[in-house]
Amino acid sequence: MIKDNIENVKKVIEEIKGCSFEDSGITLIAVTKQKPVPDIIEAIDSGIKDIGENKVQELVPKMDQIGDGVNYHMIGHLQSNKVKDIIGRVKLIHSVDRKSLVKEIEKRCKSEGIIQDVLIQVNISKEDTKSGIYVEDLKDFLDYIEGFEYIKVKGLMTMAPHYEKPEDTAWVFKKLKEIFEDIKSINYNNIKMEYLSMGMSHDYQVAIENGSNMIRIGSYLFGDRIY
Ligand SMILES: *Cc1c(COP(=O)(O)O)cnc(C)c1O
């Protein structure tokens, strides 16, 4: 079943992009929060190469059990005191959203001689339940990060508000894509726009149509989560 769901997502991507999934340039992150390791293994056996978790205390034991061979992504809010547990072990931290966190990542990476790639989380919709830098504060934030060495920005991430109709989300994705291209055209020191992480189970098609190249899919692949 997980395998079928993965195949379905890939098929949808192929239809939108008009090429094979492999050539589409889209990274499919399977979001495995609250899902047990056997489900994750099944996903990996079905071709998943990227795993996303939103809590360090769930991510670390899963990384320990599953081991190398896949990329791990920290996609949820990251407390500064947990930075040391994941640096050098995750491909990307998607949720860099404040200067104090940047400082902590830099400090820890420097002392261990690790380079950590990150995305900046942007709060486009300004919903106060969502974290992320506001668009108007982004320039200042980028200038700040440029001064560091061990933290490398590789792109942007956002969480769109939940609209009944996924199409209604398009403006959020369009806006972030625009910002992504703007930043790309500027020559920053250690900031490169490679990944645009946007789109979840409900709205990933709209996200891809509007420029996403990294989607984070949980419930569609693994079923609903029980809170
Ligand atoms: C849970 C989560 C997802 C996946 O959400 P689904 O709706 O289950 O696909 C994506 N991104 C983040 C940051 C999440 O916390």
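A brief report on the enclosed structure follows. (Residues numbered from 1 in each chain as written. Predicted model: local features only at pLDDT ≥ 70, side-chain atom pairs only at ≥ 80, totals over all residues. Heavy atoms only, no water.)

### Observations regarding the side chain of E58
Structurally, E58 is set in helix α3 (residues 56–66). A polar side-chain atom of E58 sits 2.5 Å from the main-chain amide nitrogen of Q34. Not counting the four nearest positions on each side in its chain, E58 is found in contact with T32, K33, Q34, K35 and E53. (Helix = DSSP H or I, 4+ residues; strand = E, 2+ residues; numbered from the N terminus. Polar contact = N/O pair within 3.5 Å; in protein donor to acceptor, adjacent residues only side chain to side chain. Contact = heavy atoms within 4.5 Å.)

### Some thoughts on the packing of aromatic side chains
For the coordinates displayed, the defined rule picks out one aromatic pair. Relative to F148, the ring of Y144 has its centre 5.1 Å away and its plane inclined at 65 degrees; by these criteria the two rings are edge-to-face. On the basis of relative accessible area, Y144 is assigned to the partly exposed category, the value being 25%. The ring of Y144 has K99 sitting right over it, with the charged end atom 5.1 Å from the ring centre. (Phe/Tyr/Trp six-rings, centres within 6.5 Å; stacked < 30°, edge-to-face > 60°. Buried < 20%, exposed > 50% of the residue type's maximum accessible area, 1.4 Å probe, protein only. Lys NZ or Arg CZ within 6 Å of the ring centre and 35° of its normal.)

### What about the pattern of salt bridges?
With the rule as written, the count across this model stands at 12 salt bridges. In this structure, E104 engages R108 in a salt bridge whose closest nitrogen and oxygen atoms are separated by 2.9 Å. Placement of both E104 and R108 in helix α5 (residues 99–112) is noted, with a separation of four residues, approximately one turn of the helix. With a relative accessible area of 14%, E104 lands in the buried category. (Salt bridge = Lys/Arg side-chain N within 4 Å of Asp/Glu carboxyl O.)

### Things to note about the site of the ligand
The local shell around the ligand consists of V31, K33, I75, M159, M200, S201, R216, I217, G218, S219 and R225. Note that an oxygen atom of the ligand is positioned 2.7 Å from one of the side-chain N or O atoms of K33. Coverage of the ligand by the protein chains reaches 92% of its 390 Å² of free accessible surface. Considering only residue class, the shell around the ligand consists of five nonpolar, three polar and three charged. (Near = heavy atom within 4 Å. Areas by Shrake-Rupley, 256 points an atom, 1.4 Å probe, with all protein chains shown as cover. Nonpolar A, V, L, I, M, F, W, Y, C, P; charged D, E, K, R; others polar.)

### Here we look at helix α7 (residues 170–184)
Helix length check: α7 (15 residues) gives 21 Å between terminal C-alpha atoms against 21 Å at 1.5 Å per residue, within 8%. Turning to α7, its buried residues number three or more, namely A170, V172, F173, L176, I179, F180 and I183. On the buried face of α7, the contacting elements are α6 (138–146), β6 (151–157), β7 (191–197) and α8 (204–209). (Expected span 1.5 Å × (residues − 1).)

### Let's talk about the packing of α5 against α6
It is the contact of α5 with α6, at a shortest axis distance of 11 Å, that shows an interaxial angle of 15 degrees. If you check the angle between α5 and α6, you find them roughly parallel. Considering how the two elements wind past one another, α5 and α6 form a crossing that is right-handed. Residues K99, V102 and K103 of α5 pack against D140, F141, Y144 and I145 of α6. Looking at the contact of α5 with α6 residue by residue, the classes come out as four nonpolar, no polar and three charged. (Axes fitted to C-alpha atoms, helices over the stretch in contact; angles between N-to-C directions. Parallel < 35°, antiparallel > 145°, perpendicular 65-115°, else oblique. Left-handed = near helix turned anticlockwise from the far one by under 90°.)

### Overview of unusual backbone geometry
Of note, Q34 is a non-glycine position whose phi angle comes to about 65 degrees, a positive value. Inspection of the secondary structure assignment puts Q34 in the loop between β1 (27–31) and α2 (37–45). By relative accessible area, Q34 is classed as partly exposed at 35%. Of note, K126 is a non-glycine position whose phi angle comes to about 60 degrees, a positive value. With respect to the secondary-structure elements, K126 resides in the loop between β5 (116–121) and α6. Relative accessible area serves as the criterion here: at 41%, K126 is assigned to the partly exposed category.

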